[in-house]
Amino acid sequence: MATRTPAPPVTNQIPVRSASNWYIAAIGLAQFGIFVAILAPVIVSMQLKAQELNPGNPASVVAVALSIGSIGAILGNPLFGALSDRTRTRWGRRRPWLLGGIVFLLVGLAAVALSTNVLTLTLSWLLCQLASNAAFAALMASFADNVPESQRGRASSVLGLAQNIAILAGIYAAALLVANLPLLFIVPGVVGVACVVVYVLVTPDRIPETPMESFSVMAIVRAFWTNPVKHPDFGLAWASRFMIVLAMFLFTTFRLFYMQDHLGLTEERAVSAVATGVLLYTIALMASAALSGWLSDRLARRKIFVAGSTLLFGIGLVVLVYADTVGHFYIAEIVMGLAYGVYTAVDNALVIDVLPDPGKPGKDLGVLNIANSLPQSFAPALGALLLGLGGGDNYPALLWCAGIVALIGAAVIIPIRGVR
């Protein structure tokens with residue numbers, strides 16, 4: 001990256017003593033903005049767009065677009081995280097990627113909204129994933145730069161709350177704008193830009209004193225790999241994250257279809273029921289996240305919170321197998337909300353605690369976030385395969401598989417030694 005007059009250098013080897021409440025609120029706002037822009041389409045909008053383009057088989061459109069689009073997330077997060085570690089500008093090293101990413105995400109969402117065929121939709125979604133992961137990689141690296149270990153549980157709680165409030169906002173945006181599909185994609189993108197701009201204006205973005213290694217092709221290649229044998233704790237944390245994200249997306253990708261096919265609701269009633277379910281999920285999540293992040297910091301323990309919450313999330317998925325009314329669906333959403341609130345409150349803190357190289361958080365967090373992105377690349381295809389077993393609409397197979405995957409995700413946390 002071109003070098004300009006840098007901000008006063010502060011080596012990233014000197015630990016940050018504390019993060020202010022204003023900073024934690026601002027990073028929560030940025031998290032909300034990025035996730036409301038990228039997750040709102042995944043939750044509802046993309047499924048509605050798929051029904052517009054292919055009314056006879058919308059699940060196939062979702063599977064193709066989300067699977068190929070997630071390649072952008074798999075490549076983008078570690079690449080842009082590593083590049084942000086290397087960036088030296090007068091505006092800092094994280095800000096350029098945050099701003100550039102969120103602006104290009106808005107452009108991609110507009111292109112998705114205006115797509116008239118599956119190819120255009122898929123390419124536009126690929127751009128959205130690349131752009132959102134540029135912004136998200138820089139945001140998580142900024143979190144590692146600015147939040148000390150003693151505050152990571154509480155700050156991680158804020159990030160988890162922001163992410164899930166963004167999901168709720170996306171659901172209600174769908175309920176309000178269901179008749180205007182272009183706005184359903186573009187409005188969350190505009191909100192995302194505004195939120196990230198606020199964070200960029202208030203956040204510290206220090207340039208490290210440590211010299212930057214010379215640029216090489218191998219340096220870029222290494223951005224996609226952290227040796228799990230050499231760093232087993234990081235490898236186990238990666239595997240657990242992969243499992244819980246896969247379990248979650250096996251259901252959420254097809255949640256609207258589940259409401260229509262399994263519970264027999266109309267499209268309008270299904271969107272409304274999903275909105276209510278996500279509201280209950282978010283209320284439960286906020287209650288459990290607010291307590292568990294603080295408690296994790298107080299007890300200096302991470303593993304029991306992450307493993308236990310992952311197991312409970314899997315139980316919630318299995319409850320959905322036996323749901324035959326909207327009320328049963330709401331109960332399952334509450335169970336999963338309680339579980340995921342604990343998980344989101346503590347898992348980011350656990351991951352940052354076991355980073356192999358705290359001096360290059362962007363690179364290793366980028367590798368970790370492959371575990372966020374990779375499941376999305378084949379969850380739609382795997383879900384469609386499971387649904388097709390036995391003649392179609394096999395939601396028990398889909399949900400049992402998701403629950404077992406979550407159980408495995410809970411188990412692999414236990415051997416981690418670097419945190420309690």
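Heads up: the structure comes first, above all this text.
Computed from a predicted structure; not experimentally measured.

Let us now look at the overall build of the protein chain. Counting its secondary structure elements, the protein chain contains 14 helices and zero strands. Secondary structure elements of the protein chain, listed N to C terminal, follow the sequence α-α-α-α-α-α-α-α-α-α-α-α-α-α. When its C-alpha atoms are laid out on the principal axes, the protein chain stretches across 60 × 45 × 40 Å. The contacts in the protein chain between residues at least 6 apart in sequence include a share of 85% that link residues at least 24 apart. Mean positive and mean negative side-chain charge positions of the protein chain (25 and 19 charges, respectively) differ by 11 Å.

All chains considered together, the criterion is met by zero disulfides. Cys 195 forms no disulfide, and the closest cysteine sulfur to it belongs to Cys 128, at a distance of 17 Å.

Let's shift gears to helix H14 (residues 395-411). A turn of α-helix holds 3.6 residues, and therefore any two residues three or four places apart point the same way. Over its 17 residues, H14 extends 25 Å from the first C-alpha to the last, a length consistent with the 24 Å expected when each residue adds 1.5 Å. N-cap assignment for H14: the residue whose side-chain oxygen lies 3.1 Å from the backbone N of Ala 397 is Asn 394.

With 129 residues, the main nonpolar core has Trp 125, Tyr 258, Met 259, Phe 313, Leu 317 and Leu 320 as its most contacted residues. Sort the elements by how many residues they give to this core and helix H1 (residues 21-53) lands first, with 17 residues. Leaving out residues up to four positions away in the same chain, Met 259 has contacts with Gly 264, Leu 265, Ala 270, Ala 273, Val 274 and Phe 329.

In a regular helix each residue adds 1.5 Å, so 22 residues correspond to 32 Å; helix H6 (residues 181-202) covers 34 Å between its end C-alpha atoms and thus fits that length. The complete set of buried residues in H6 reads Leu 181, Leu 184, Phe 185, Pro 188, Gly 189, Gly 192, Val 193, Cys 195, Val 196, Tyr 199 and Val 200.

The next thing to look at is the pattern of salt bridges. As enumerated under the stated definition, the model contains seven salt bridges in all. Where Arg 241 meets Asp 347, a salt bridge forms, and the shortest distance between an N and an O atom there is 2.6 Å. Residue Arg 241 is located in helix H8 (residues 232-252), and its partner Asp 347 is located in helix H12 (residues 326-353); the two are separated by 106 residues in the primary sequence. The partner of Arg 302 in a salt bridge is Asp 353, and the shortest N-O contact between them spans 3.0 Å. One end of the pair, Arg 302, is in the loop between helix H10 (267-299) and helix H11 (303-321); the other, Asp 353, is in helix H12, with 51 residues separating them in the sequence. If you follow the salt bridges from partner to partner, you end up with Asp 85, Arg 93, Arg 94 and Asp 145 in one network.

One can find Gln 129 in helix H4 (residues 118-146). Apart from residues no more than four positions distant in its own chain, Gln 129 is found in contact with Ile 38, Gly 69, Ser 70, Gly 72, Ala 73 and Gln 376.

Cut-off values and rules
- Residues numbered from 1 in each chain as written.
- Predicted model: local features only at pLDDT ≥ 70, side-chain atom pairs only at ≥ 80, totals over all residues.
- Heavy atoms only, no water.
- Helix = DSSP H or I, 4+ residues; strand = E, 2+ residues; numbered from the N terminus.
- Contact = heavy atoms within 4.5 Å.
- Lys, Arg positive; Asp, Glu negative; His and termini not counted.
- Charge placed at Lys NZ, Arg CZ, Asp CG, Glu CD.
- Disulfide = S-S within 2.5 Å.
- Expected span 1.5 Å × (residues − 1).
- Polar contact = N/O pair within 3.5 Å; in protein donor to acceptor, adjacent residues only side chain to side chain.
- Core = buried A, V, L, I, M, F, W, Y, C linked by side-chain atoms within 4.5 Å.
- Buried < 20%, exposed > 50% of the residue type's maximum accessible area, 1.4 Å probe, protein only.
- Salt bridge = Lys/Arg side-chain N within 4 Å of Asp/Glu carboxyl O.

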